[in-house]
Amino acid sequence: MITAQYGRSPYVAAYAKRRAAGICELCEKPAPFITKDGEPYLECHHIEWLARGGEDTIENTVALCPNCHRKMHVLNNSTDITHLNKKTGENIDLQNQDNEPSLL
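Rules used throughout
- Position numbers for residues count from 1 along each chain, tracking the sequence in the order it is written.
- Reporting in this predicted model follows two pLDDT cut-offs: at least 70 for local features of residues, and 80 or more for side-chain atom pairs to be given and counted; totals over whole chains, interfaces and linings ignore these cut-offs and use all residues.
- With hydrogens and water excluded, all non-hydrogen atoms of the structure serve as input to the side-chain values.
- A simple rule labels every residue: compare its accessible area, found with a 1.4 Å probe on the protein chains alone, to the largest value its type can have, and call it buried under 20%, exposed over 50%, or partly exposed in between.
- The way it works is that DSSP assigns letters per residue, a run of H or I at least four long becomes a helix, a run of E at least two long becomes a strand, and they are numbered from the N terminus.
- What makes two strands pair is DSSP finding at least two bridges between them.
- The definition of a nonpolar core used throughout is a set of buried Ala, Val, Leu, Ile, Met, Phe, Trp, Tyr and Cys residues joined through side-chain atoms within 4.5 Å.
- Any pair of residues with heavy atoms lying within 4.5 Å of one another is described as a contacting pair.
- What the arc measures is the spread of directions leading from the helix axis to the C-beta atoms.
- Counting of polar contacts relies on pairs of N or O atoms within 3.5 Å, with two restrictions inside protein: one atom must be capable of donating a hydrogen and the other of accepting it, and residues adjacent in sequence are counted only when both atoms are side-chain atoms.
- You can read pLDDT as the predictor saying how much it trusts each residue, on a scale of 0 to 100.

1. Structural notes on the pairing of strand β2 (residues 61-64)
What you see with β2 is no split at all: Thr-61 and Ala-63 on one side and Val-62 and Leu-64 on the other are buried throughout. Bridge count for strand β1 (residues 43-46) against β2 is four bridges, and the pairing is antiparallel. Each residue of the ladder has a partner; that of Glu-43, found in β2, is Leu-64.

Next up, the structure:
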């Protein structure tokens, strides 16, 4: 079995988390807990998945709570994608992104 690996910049992830300021960029609720380092726990998500040609850029990366992150990988709802794109100011093509299997 061959598994694709994608490069992810720690700086892009850190920027997305700083931009979110401890608030999930999808449900807009506070992070579920504070880490041992004193940071709000949010997970980085690529709006257009890297496996589908998305880039590891600040315009394509958002900070989500664990529930919303899982929701995006299970449902990848076009309404949620539109909402997240507005958060980053990027308009990513929504065509063929709904209801496709997750590539975690």
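2. Some words on the nonpolar core
The biggest cluster of nonpolar side chains holds 14 residues, and the ones touching the most others in it are Cys-24, Leu-26, Leu-42, Leu-64, Cys-68, Met-72 and Leu-84. Taken together, the elements giving at least two residues each to this core come down to β2, α2 (66-74) and α3 (78-88). It is β2 that contributes the most residues to this core, three residues altogether. Apart from the residues lying within four places of it in its own chain, the contact partners of Leu-26 are Leu-64, Cys-68, Lys-71, Met-72, Asp-80, His-83 and Leu-84.

3. Some thoughts on α2
Within the span of α2, buried status applies to Cys-68, His-69, Met-72 and His-73. For α2, the angular spread of buried residues about the axis comes to 140°, placing them on one side. Away from its buried face by more than 90 degrees, α2 exposes Asn-67 and Val-74. Those residues of α2 hidden inside the fold are in contact with β1, β2 and α3. Asn-76 sits one or two positions beyond α2 and adopts a positive phi of about 45°.

4. A closer look at the side chain of His-46
Along the chain, the position of His-46 falls in strand β1. A distance of 2.7 Å separates a polar atom in the side chain of His-46 from a polar atom in the side chain of Asp-56. Those residues in contact with His-46 that sit more than four places away from it in its chain are Arg-8, Glu-55, Asp-56, Asn-60 and Thr-61.

5. Concerning the confidence of the model for the protein chain
On average, residues of the protein chain carry a pLDDT of 87, and 85% of them reach 70 or more. When pLDDT is averaged over each helix and strand of the protein chain, the minimum, 95, is found for α3 and the maximum, 98, for β2. Across residues 91-104, confidence stays below pLDDT 50; counting only partners more than four residues off in sequence or on other chains, it has 27 contacts.

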